[in-house]
Amino acid sequence: MDYPMRSVFLAFTIAIPSLLIEANESQIERFAIHGKTIRLRCDLRVSEDPEVEWVDLVHSSTQDPAKIFHSRNNPRFGVLDAHPNSENFHVSHDFTLTISNLNMDTDVGEYSCRSRIGDTLLERHYYLTIGEHPECSGRTNLRSGEQTSLSCEMGFSGKGPDLEWLEDDETVDSTDEYDIRLAKKVVRLDATHRHDGVDLQCRISIAGVVLKCNLTLNVTYGVHHPKFHPVKETLEPGDEVKCTAKGNPTPRVTLGPDFPRSLEGVGWAALIVEESWVGQQILIECVAVNVVDDFEHVKSQNFSFGVVAQRKLDHHHHHHQQPQHSTEPIVNAMDEHVRHSAAEDQQMEEKIHKENPDAKPKPNVKSVKSNNSKGNLTTFSALVAFLGVIAALLV
């Protein structure tokens, strides 16, 4: 017997309070060094009676996050003892979470701060990557022509870093060699004299953090041809002639051959042009020597120049530059002296007349002389000033 099929519908009513979730940012990436400490801020708005909690998806054994901290009924801001990593957690009064003794194997992942204000839930999410200090390695003591490989590597857990090799802030060609939880960048080069003393830097960028390690190359090479400074056809007494030479080890430089004594130096040697060389053509030989792998490298360079006397100053031009001295102060000074002497004579005559009232006054010959002297001295002072100007122009 066939029975007709019936459809049975059951209706359920579930009351769910409305909750508005606001996530300030999807996720903030953070990086820390293995074994160190990091602080994660909970910079969210809070209510007058704050309800704030920290959770993570790192130490949870289920799909639900593990609870680290809750502010309700927690005046001492203690971390929940039930959390497996509670001994390394600390929450301060501004709700900042501090994680110490970071471990690449156990502490990498997402940490979240939540703040409930009425029916609104604010969230801040962090993703934590943990890594080791980067290490630069490779053979840096080289001979010119040798090959070398330089490595930059960093162990990490979480989101991978970006690595690059730089020379003077310019990117150097390199190769990625990633492995599990290991970022690696390799530079391969043929060493030349240009690489001697070069500083190569590996720069690692991860979650806004920049880490660096450096290697400095030491390349030995035979001495290169010496160079003179300056290179001129003629020089004057007192000028310096310098010869420099490059090499690793630094070469010994000698100047010769026509000097009473050899002039030597390490990396350079110099001499001063002498007065006795004026009118001569001087030949200097510069010899540079260094030893690489028990082999002596020798390079030489010659330089010839004439020696001329030092140029004298243009006296005619010099005279025009002399300041024009005024004769007026000289004339005024002489006139003032004459006036002062005449006044003294007049005072003396008056004193004599008071002491001998019966004496006849003498003709004022001296006064006349003084006046005449005044005129003569004034004329003489003008003449002296004029001659001074002429002399200044002739110097």
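Preceding this paragraph is the structure being described.
About the criteria used
Residues numbered from 1 in each chain as written. Predicted model: local features only at pLDDT ≥ 70, side-chain atom pairs only at ≥ 80, totals over all residues. Heavy atoms only, no water. Pairing = 2+ DSSP bridges. Helix = DSSP H or I, 4+ residues; strand = E, 2+ residues; numbered from the N terminus. Axes fitted to C-alpha atoms, helices over the stretch in contact; angles between N-to-C directions. Buried < 20%, exposed > 50% of the residue type's maximum accessible area, 1.4 Å probe, protein only. Polar contact = N/O pair within 3.5 Å; in protein donor to acceptor, adjacent residues only side chain to side chain. Contact = heavy atoms within 4.5 Å. Salt bridge = Lys/Arg side-chain N within 4 Å of Asp/Glu carboxyl O. Phe/Tyr/Trp six-rings, centres within 6.5 Å; stacked < 30°, edge-to-face > 60°. Lys NZ or Arg CZ within 6 Å of the ring centre and 35° of its normal.

Caption draft 1: Just the sheet that holds strand 18 (residues 209-216), in detail. Taken together, the four strands give an open sheet; going across it, the order is 14-13-17-18, and neighbouring strands pair in antiparallel fashion. Of all strands in the sheet, those bounded by a partner on one side alone are strand 14 (170-172) and strand 18. Across the sheet, the mean angle from the axis of one strand to that of its neighbour is 35°, orientation sign disregarded. Two strands pair when backbone bridges link them, and strand 13 (residues 162-167) and strand 14 are joined in this way by three bridges, in the antiparallel orientation. Residue tryptophan 165 lies in a different strand from strand 14, and its bridge partner there is valine 172.

Caption draft 2: Expanded view of the side chain of asparagine 248. Mapped onto the fold, asparagine 248 is located in the loop between strand 22 (240-244) and strand 23 (252-256). Here asparagine 248 falls in the buried class, since its relative accessible area comes to 14%. A distance of 3.2 Å separates the side chain of asparagine 248 from the side chain of aspartate 196, its partner in a polar contact. Polar side-chain contacts of asparagine 248 include one of 3.0 Å to the side chain of asparagine 218. Not counting chain neighbours up to four residues away, the residues in contact with asparagine 248 comprise Asp196, Asn218, Val219, Thr220, Tyr221, Asn290 and Val292.

Caption draft 3: Main features of the side chain of serine 112. With respect to the element layout, serine 112 can be found in strand 8 (residues 109-117). Of note is the side chain of serine 112, whose polar atom sits 2.6 Å from the side chain of histidine 125. Beyond its immediate chain neighbours, meaning those up to four positions away, serine 112 contacts Glu53, Trp54, Val55, Arg124 and His125.

Caption draft 4: Up close: the pattern of salt bridges. Considering all chains together, one arrives at 17 salt bridges under this definition. Two residues, arginine 143 and aspartate 293, come together in a salt bridge whose shortest N-O distance is 2.7 Å. Here arginine 143, found in strand 11 (residues 141-143), pairs with aspartate 293, found in the loop between strand 26 (281-292) and strand 27 (295-307); they are 150 residues apart in sequence, far enough to count as distant. Residue aspartate 293 is classed as exposed on the basis of its relative accessible area of 52%. Linked by salt bridges that have partners in common, Asp49, Glu51, Arg72 and Arg116 make up one network.

Caption draft 5: Structural context of the sheet that holds strand 22. Pairing within the open sheet is antiparallel, and its three strands lie in the order 20-22-25. Strands at the two margins of the open sheet, each flanked by one partner only, are strand 20 (227-229) and strand 25 (268-272). In this sheet, adjacent strand axes meet at a mean angle of 20° when their direction is disregarded. As defined by bridge partners, strand 20 adjoins strand 22 across three bridges and the pair is classed as antiparallel. Following the sheet pairing, phenylalanine 228 is matched in strand 22 by cysteine 243.

Caption draft 6: A look at the packing of aromatic side chains. Applying the stated rule across the entire model yields seven aromatic pairs. Both rings, one in tryptophan 54 and one in tyrosine 126, keep their centres 6.3 Å apart while their planes meet at 25°; by these two values the pair is stacked. Residue tryptophan 54 is located in strand 4 (residues 52-56), and its partner tyrosine 126 is located in strand 9 (residues 120-131); the two are separated by 72 residues in the primary sequence. With a centroid separation of 5.5 Å and an interplanar angle of 40°, the aromatic rings of phenylalanine 77 and phenylalanine 95 are classed as tilted. In this pair, phenylalanine 77 is assigned in the loop between strand 5 (66-70) and strand 6 (89-91) and phenylalanine 95 in the loop between strand 6 and strand 7 (97-99), connecting sequence segments 18 residues apart. By the burial criterion, phenylalanine 77 is buried, and phenylalanine 95 matches it. A network of ring pairs unites the aromatic residues Phe69, Phe77 and Phe95 as a single cluster. Over the ring of tryptophan 268 we find lysine 242, and its NZ or CZ is 4.4 Å from the ring centre.

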